Amino acid sequence: VHKETKETLCFVTPFNKLAQALRKSSKNKSITLDKLLGTRPNCETKISPYDVSEFKRITFDEIGLHGPNRLKTIARYMEKHKDIKFAATMDQDQLPPIEQLNNISDKRDVKKYHMECINQMFPNQLILKTPERVKTEKDRQIIYDLKKAIFSSTPMNDIIKKFGFNTISNISQLKTKRNICYFNFRAN
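Residues numbered from 1 in each chain as written. Predicted model: local features only at pLDDT ≥ 70, side-chain atom pairs only at ≥ 80, totals over all residues. Heavy atoms only, no water.

Undergrad: Got a sec to walk through the pairing of strand β4 (residues 85-88)? Specific residues and values, please.
TA: Relative to β4, strand β3 (residues 57-60) runs parallel, the two being bridged by 4 bridges. Bridge pairing links Ile58 to Phe86 in β4. Handedness of the crossover joining β3 and β4 through helix α3 (residues 68-80): right-handed. (Pairing = 2+ DSSP bridges. Helix = DSSP H or I, 4+ residues; strand = E, 2+ residues; numbered from the N terminus. Right-handed = clockwise from strand over helix to strand, strands pointing away.)

Given below as structure tokens:
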């Protein structure tokens, strides 16, 4: 069995804050897609692509945040680096791609098209369905039910009442340590 060291893995993320968090939590190299490709958003100056010669594996974290144009660029990059094993992570129920799909009018078709692009790039997939952050089956069932309610047409106020959430309108009212926040910086 060939054992790879952590140093041979690099995470590639859509934005720098996530790259920093992964570097800290996983102890692996983590960079943004722009750094990997040598691109600078909204800038004419080009920089050199990142030297990936030390890596045997590259994982694109949150691949679902990239729209079709960026996915096409990633696919071309993968074709140029056949000696590297590529993987990707994503949560289908999280945010839509940063890059908008303007040529598709029906939102269901947008999501379907987006997934078709990703499926072509990564045909072998492992789908995890058990929320590992909660430890008991009772808590997992609450998470499943909460997710189902959020993605249904149930009004948010009804969901808040049903699941016993307390709400605040100002951060100074915060009295607890386990909270659900709209923004990650609030959670921190």
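Undergrad: Help me get a handle on the pairing of β3, residues and values and all.
TA: Note: strand β1 (residues 9-13) against β3, 4 bridges, orientation parallel. Pairing of Val12 across the sheet is with Phe60, part of β3.

Undergrad: Can you explain the nonpolar core? Please cite residues and give values.
TA: Ranked by internal contacts, the top residues of the largest apolar core, which has 23 residues, are Leu36, Ile58 and Phe60. Counting only elements with at least two residues in this core, the list comes to β1, α2 (33-37), β3, α3 and α4 (107-121). In contact with Leu36, not counting residues within four places along its chain, are Val12, Ile31, Pro49, Tyr50, Val52, Ile58, Phe60 and Tyr77. (Core = buried A, V, L, I, M, F, W, Y, C linked by side-chain atoms within 4.5 Å. Buried < 20%, exposed > 50% of the residue type's maximum accessible area, 1.4 Å probe, protein only. Contact = heavy atoms within 4.5 Å.)

Undergrad: Report on the packing of aromatic side chains, specifying residues and quantitative values.
TA: Any two aromatic rings considered together are summarised by their centre-to-centre distance and by the angle between their planes. With the rule as written, the count across this model stands at 2 aromatic pairs. Relative to Phe86, the ring of Phe60 lies with its centre 5.9 Å away and its plane at 15°, an arrangement referred to as stacked. On the criterion of sequence distance, the pair formed by Phe60 in strand β3 and Phe86 in strand β4 is long-range, its members being 26 residues apart. Residue Phe60 shares its accessibility class with Phe86, and that shared class is buried. (Phe/Tyr/Trp six-rings, centres within 6.5 Å; stacked < 30°, edge-to-face > 60°.)

Undergrad: Describe helix α5 (residues 137-150), listing the residues and the values that go with them.
TA: Its 14 residues place the ends of α5 20 Å apart at the C-alpha level, agreeing with the 20 Å of an ideal helix rising 1.5 Å per residue. Here α5 has its buried residues at Arg140, Leu146 and Ala149. The inward-facing, buried residues of α5 contact α6 (156-162). (Expected span 1.5 Å × (residues − 1).)

Undergrad: So, unusual backbone geometry: which residues are in play, and what are the values?
TA: Phi is positive for Lys27, close to 65°, though the residue is something other than glycine. Locating Lys27 in the fold gives a position in the loop between α1 (16-26) and β2 (29-32). Even without being a glycine, Glu62 presents a positive backbone phi close to 55°. Turning to its location among the elements, Glu62 is positioned in the loop between β3 and α3.

Undergrad: Which residues make up the side chain of Asp34, and what values do they have?
TA: Looking at where Asp34 falls in the secondary structure, it is placed in helix α2. Those residues in contact with Asp34 that sit more than four places away from it in its chain are Thr39, Pro41 and Arg70.

Undergrad: Can you explain the side chain of His114? Please cite residues and give values.
TA: In this structure, His114 sits in helix α4. For His114, a relative accessible area of 6% translates into the label buried. Once residues lying within four places of it in the same chain are set aside, the contact partners of His114 are Gly64, His66, Gly67, Leu71 and Pro97.

Undergrad: How would you summarise a positive patch on the surface if you had to cite specific residues and measurements?
TA: The grouping of Lys46, Lys72, Arg76 and Lys80 at the surface amounts to a positive patch. On the basis of relative accessible area, Lys80 is assigned to the exposed category, the value being 69%. (Patch = residues over 30% accessible without salt bridge, like charges linked within 9 Å, V, L, I, M, F, W, Y side chains within 5 Å. Areas by Shrake-Rupley, 256 points an atom, 1.4 Å probe, with all protein chains shown as cover. Salt bridge = Lys/Arg side-chain N within 4 Å of Asp/Glu carboxyl O. Lys, Arg positive; Asp, Glu negative; His and termini not counted. Charge placed at Lys NZ, Arg CZ, Asp CG, Glu CD.)

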